[in-house]
Amino acid sequence: MASFEGARPGVLGEAIREWRFSKFIPLYLAGIAAGAGLGIGIATWPASEVVDAPESAPSFSAPAVVEAPVFAPAPAQAPAPVETGINAAAIAVELPIEFIRAMGGLPAIEPAPPAATPAAPIVPVVPASQAPSAPAPAPAVQPAAQPEAPVAPPVAVARPNFYVPEVSSGPATDMELRLFNLLNEQRAAEGLAPYVLDAGLTKVARTRSQQLIDQNYFAHTDPYGYSMYVELLAHFGFTSYAWAGENLAMNNYAVVESPERATTSLMNSPTHRANIMATDFFRVGIGEITDARGRHYFTMIFLG
């Protein structure tokens with residue numbers, strides 16, 4: 001009987017000699033499954049969760065980008081199921097899009113270019129020295145002035161029943177001069193200065209005599225209440241005087257003696273004599289008018 005002698009093997013040799021494959025199969029499978037699970041966990045670390053999926057491959061959608069077209073990613077190939085040979089199960093894992101792009105499964109999404117902004121119109125800049133000055137504002141247009149009607153001179157307000165007849169403005173008549181001289185003779189007898197015969201006052205006196213004839217009265221106030229000699233003085237422009245007086249006389253004597261008869265009658269009346277001999281008057285106007293019946297109307301206007 002043959003025998004083999006040899007040297008004694010070490011610890012590793014003893015383990016190999018006593019190893020039995022079938023005894024460790026479950027351990028091997030458990031190790032393989034643990035390794036596969038660890039690798040898949042590391043690969044899917046950013047994913048929020050791992051879900052079981054049916055055998056059909058999952059579809060992946062890229063997040064929408066504002067103002068850019070959305071690209072639908074191509075469906076990724078499902079990872080091949082891991083078969084252990086004993087109880088293999090199909091495992092599907094949802095991988096992140098970044099991982100799929102890194103592996104060449106999806107095209108990279110370029111960011112959308114910014115929306116075109118309409119260009120602002122180009123305005124040429126003119127130097128201030130050459131810039132046209134702003135147009136001056138147009139003057140406000142005023143309406144054309146309407147032609148005005150000519151302004152009539154002021155008209156004296158009509159005075160009811162104020163009567164002023166037309167008389168002569170000529171020089172003193174014979175009868176007027178005779179009466180004037182007689183008055184100055186009376187004044188000279190008393191040592192008084194003579195009166196001055198005023199042509200303007202003579203016209204006023206003639207107007208008064210004509211009024212007496214035309215309106216048929218004999219008084220210093222007319223039938224309508226006017227103190228007529230004062231009104232006529234103002235009417236003919238005599239406004240600057242201190243004293244004014246009037247003597248009236250009427251008779252139907254012949255022309256050759258009428259003024260003398262009138263002087264005698266006046267000197268016999270105290271009020272009339274006072275005007276003839278007054279020292280406050282210095283000028284006089286004498287007007288004589290004879291009516292159709294031969295009556296002589298004498299008016300004397302004194303002014304001082």
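Above this text sits the structure in question.
Please read all numbers here as calculations on a predicted model, not as lab measurements.

*Asks:* Help me out: how do you make sense of the overall build of the chain in this one?
*Replies:* Counting its regular elements, the chain contains eight helices and four strands. The order of α-helices and β-strands along the chain, N terminus first, is α-α-α-α-β-α-α-β-α-α-β-β. For the chain, contacts bridging at least 24 residues in sequence account for 69% of all contacts bridging at least 6. Summing over all exposed atoms, the chain offers an accessible surface of approximately 21200 Å²; the carbon and sulfur share of this is 62%.

*Asks:* Honestly, the pattern of salt bridges in this entry has me stumped. Any pointers?
*Replies:* If the charged atoms of two oppositely charged side chains come close together, the side chains can form a pair. Summed over all chains, the structure comprises nine salt bridges. The partner of Arg159 in a salt bridge is Glu231, with the nearest N and O atoms 2.9 Å apart. Here Glu231 lies in helix H6 (residues 228–235) and Arg159 lies in the loop between helix H3 (97–102) and helix H4 (174–189), a separation of 72 residues in the sequence. Across the pair Glu176 and Arg206 runs a salt bridge whose closest N-O atoms are separated by 2.9 Å. With Glu176 in helix H4 and Arg206 in helix H5 (residues 199–215), this pair connects stretches of sequence that are 30 residues apart. A residue is classified by how much of its surface remains accessible, and Glu176, at 1% relative accessible area, is buried.

*Asks:* Would you explain H6 in this entry?
*Replies:* An α-helix turns once per 3.6 residues; consequently, residues spaced three or four apart project the same way. Within H6, burial applies to Met228, Tyr229, Leu232 and Leu233. One side of H6 carries all its buried residues, which in axial view fall inside an arc of 140°. Where the residues of H6 are buried, they touch H5, strand E2 (244–251) and strand E4 (296–303). After H6 finishes, the residue Gly237 shows a positive phi value of roughly 95°.

*Asks:* How should the packing of H4 against helix H7 (residues 258–267) be read in this particular structure?
*Replies:* A packed helix pair is summarised by two numbers, namely the angle formed by the two axes and the spacing between the axes. Here H4 crosses H7 at 35°, and the two axes come no closer than 9 Å. Note that H4 runs across H7; the crossing there is right-handed. Facing Met175, Arg178, Leu179, Leu182 and Gln186 of H4, the residues of H7 in contact are Ser258, Pro259, Glu260, Thr263 and Met267. Among the residues making up the contact of H4 with H7, the classes are represented as five nonpolar, three polar and two charged.

*Asks:* Explanation requested: the sheet that holds strand E1 (residues 196–197) in the structure shown.
*Replies:* Within a sheet, adjacent strands bond to each other through the backbone by hydrogen bonds, running parallel or antiparallel. Pairing in this open sheet of four strands is mixed, and the strands run E1-E3-E4-E2 from one edge to the other. Only two strands of the sheet have a single neighbouring strand rather than two, namely E1 and E2. Packing of H5 onto the sheet brings it into contact with E1, E2, strand E3 (283–290) and E4, and relative to E3 it is tilted by some 35°. Together, E2 and E4 form the strand contacts of H7, whose direction differs from that of E2 by roughly 125°.

*Asks:* Please clarify how the packing of aromatic side chains should be interpreted in this entry.
*Replies:* Aromatic ring pairs are defined here through the distance separating the ring centres and the angle between the ring planes. All told, the structure shown has four aromatic pairs when counted by the stated rule. Note on Phe162 and Tyr226: the rings are 5.2 Å apart at their centroids and 80° apart in plane angle, and the pair reads as edge-to-face. Placement of the pair is Phe162 in the loop between H3 and H4 and Tyr226 in the loop between H5 and H6, with a sequence separation of 64 residues. On the basis of relative accessible area, Phe162 is assigned to the buried category, the value being 18%. A relative accessible area of 12% means that Tyr226 is categorised as buried. An aromatic cluster is built from Tyr195, Phe281 and Phe302, whose rings are joined through pairwise contacts. Residue placement shows Arg159 over the ring face of Phe162; its charged tip is 4.5 Å from the ring centre. Looking at Arg187, its charged tip hangs above the ring of Tyr195, at a distance of 4.1 Å from the centre.

*Asks:* I'm lost on the packing of H5 against H6 in this one. Help?
*Replies:* Across the interface, H5 lies against H6 with an axial gap of 10 Å and an inter-helix angle of 135°. Taken together, the axis directions place H5 and H6 in an arrangement best described as oblique. Regarding H5 and H6, the two cross each other, and that crossing is right-handed. Together, Leu201, Val204, Thr207, Arg208 and Gln211 of H5 and Met228, Tyr229, Leu232 and Leu233 of H6 make up the contact between the two elements. Considering only residue class, the contact of H5 with H6 consists of six nonpolar, two polar and one charged.

*Asks:* Whenever I open this one, the pairing of E4 confuses me. Can you help?
*Replies:* Of all the eight residues making up E4, eight are buried; the element is thus mostly covered by neighbouring parts of the structure. Pairing between E2 and E4: eight bridges, direction antiparallel. Each bridged residue has a counterpart across the sheet, and for Ala244 the counterpart in E4 is Leu303. Summarising the sheet, E3 and E4 pair through eight bridges and their orientation is antiparallel. Bridging from a neighbouring strand, Thr290 pairs with His296 of E4. Adjacent in sequence and paired antiparallel, E3 and E4 are bridged by five residues, among which Gly294 carries a positive phi angle near 90°.

Calculation criteria
Residues numbered from 1 in each chain as written. Predicted model: local features only at pLDDT ≥ 70, side-chain atom pairs only at ≥ 80, totals over all residues. Heavy atoms only, no water. Helix = DSSP H or I, 4+ residues; strand = E, 2+ residues; numbered from the N terminus. Contact = heavy atoms within 4.5 Å. Areas by Shrake-Rupley, 256 points an atom, 1.4 Å probe, with all protein chains shown as cover. Salt bridge = Lys/Arg side-chain N within 4 Å of Asp/Glu carboxyl O. Buried < 20%, exposed > 50% of the residue type's maximum accessible area, 1.4 Å probe, protein only. Arc of directions from axis to C-beta. Axes fitted to C-alpha atoms, helices over the stretch in contact; angles between N-to-C directions. Left-handed = near helix turned anticlockwise from the far one by under 90°. Nonpolar A, V, L, I, M, F, W, Y, C, P; charged D, E, K, R; others polar. Pairing = 2+ DSSP bridges. Phe/Tyr/Trp six-rings, centres within 6.5 Å; stacked < 30°, edge-to-face > 60°. Lys NZ or Arg CZ within 6 Å of the ring centre and 35° of its normal. Parallel < 35°, antiparallel > 145°, perpendicular 65-115°, else oblique.

In short, geometric facts, not functional conclusions.
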